[in-house]
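# Notes for the structure review
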Amino acid sequence: MKTLKIGIASYELMKERTMAIARGEHRPARGEPTVWFTSIESFAKVLSGRNRELLALIAREKPDSLTELAELSGRNKSNLSRTLKTMSRYGLVELREGERGTLVPRAPYDQVRLDVSLTQSPPGMA
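As the structure is a computational prediction, the values presented were derived from the model and not from experiment.

What counts and how
- Residues numbered from 1 in each chain as written.
- Predicted model: local features only at pLDDT ≥ 70, side-chain atom pairs only at ≥ 80, totals over all residues.
- Heavy atoms only, no water.
- Axes fitted to C-alpha atoms, helices over the stretch in contact; angles between N-to-C directions.
- Helix = DSSP H or I, 4+ residues; strand = E, 2+ residues; numbered from the N terminus.
- Left-handed = near helix turned anticlockwise from the far one by under 90°.
- Contact = heavy atoms within 4.5 Å.
- Nonpolar A, V, L, I, M, F, W, Y, C, P; charged D, E, K, R; others polar.
- Polar contact = N/O pair within 3.5 Å; in protein donor to acceptor, adjacent residues only side chain to side chain.
- Patch = residues over 30% accessible without salt bridge, like charges linked within 9 Å, V, L, I, M, F, W, Y side chains within 5 Å.
- Areas by Shrake-Rupley, 256 points an atom, 1.4 Å probe, with all protein chains shown as cover.
- Salt bridge = Lys/Arg side-chain N within 4 Å of Asp/Glu carboxyl O.
- Buried < 20%, exposed > 50% of the residue type's maximum accessible area, 1.4 Å probe, protein only.
- Lys, Arg positive; Asp, Glu negative; His and termini not counted.
- Pairing = 2+ DSSP bridges.
- Right-handed = clockwise from strand over helix to strand, strands pointing away.

We now examine the packing of helix H3 (residues 49-61) against helix H4 (residues 66-73). Packed helices, taken two at a time, are described by the angle their axes make and the gap between the axes. It is at 11 Å that the axes of H3 and H4 come closest, and there the two elements cross at 115°. Along this stretch, H3 crosses H4, giving a crossing that reads as right-handed. Residues Leu54, Leu57, Ile58 and Glu61 of H3 touch H4, and the partners they reach there are Leu69, Leu72 and Ser73. Of the residues contributing to the contact of H3 with H4, the split by class is 5 nonpolar, 1 polar and 1 charged.

This brings us to the environment of Asp115. Locating Asp115 in the fold gives a position in strand S5 (residues 111-115). The sequence separation of Asp115 and Glu32 amounts to 83 residues, and the corresponding C-alpha distance is 8.7 Å. With residues near it in sequence (within four places) discarded, Asp115 still touches Ile6, Gly7, Ile8, Gly31 and Pro33. Among the polar contacts listed, one links the side chain of Asp115 to the side chain of Arg113, at a separation of 2.9 Å.

Moving on: a nonpolar patch on the surface. A cluster of nonpolar side chains, contributed by Ile40, Leu114, Val116 and Leu118, occupies part of the molecular surface with about 380 Å² of accessible area. Since its relative accessible area comes to 81%, Leu118 is described here as exposed.

A separate point is unusual backbone geometry. Residues apart from glycine generally show negative phi values, whereas peptide bonds are mostly found in trans. At Lys62, a position not held by glycine, the phi torsion is positive, near 45°. The topology assignment puts Lys62 in the loop between H3 and H4.

Looking now at the side chain of Arg106. Relative to the assigned elements, Arg106 resides in strand S4 (residues 103-106). Salt bridges are absent for the buried Arg106, whose nearest opposite-charge side chain, Asp64, sits at 4.1 Å. Aside from chain neighbours lying at most four places away, what touches Arg106 is Ile58, Lys62, Pro63, Asp64, Leu92, Val93, Glu94 and Arg96.

Another point: the pattern of salt bridges. When their charged atoms lie close together, side chains carrying opposite charge are able to pair. Per the stated rule, a full pass over the model turns up 6 salt bridges. Where Arg60 meets Glu61, a salt bridge forms, and the shortest distance between an N and an O atom there is 3.5 Å.

The pairing of strand S1 (residues 3-8) with S5 spans 5 bridges and is classified as parallel. Looking at S5, one finds that Thr3 is bridged to Gln111. Pairing of S1 with strand S2 (residues 35-37), which is carried by 3 bridges, proceeds in the parallel orientation. Its bridge partner being in S2, Ile6 is matched across the sheet by Val35. Taken together, S1, helix H1 (residues 11-22) and S2 constitute a β-α-β crossover, and its handedness is right-handed.

The structure is reproduced here in structure tokens:
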């Protein structure tokens, strides 16, 4: 089972963390989130129930194109493409080039784990 670890932090804290990593002042520890959202609301929007169903469909059926996924899901291809590109930016979906330039969606993770600290900044974000 492959799990994607996700954290929540403000844009400013994410930028600060990225800069600390670039300067060599912070080295991400094993188990730290690798994907960050600016709010629980933005996380919930990207991983809505409908989008989780879409990820499960991709994992189960392994469609050979967005056209095939649109047929399987009953979703409009242009809306589906936009949704998948957003999910791809967060690493939730991989979009590979298939035959004749088609995009082939794949779900690289079986599980997502959300880490939310209520009392302290995420690692590397002092």
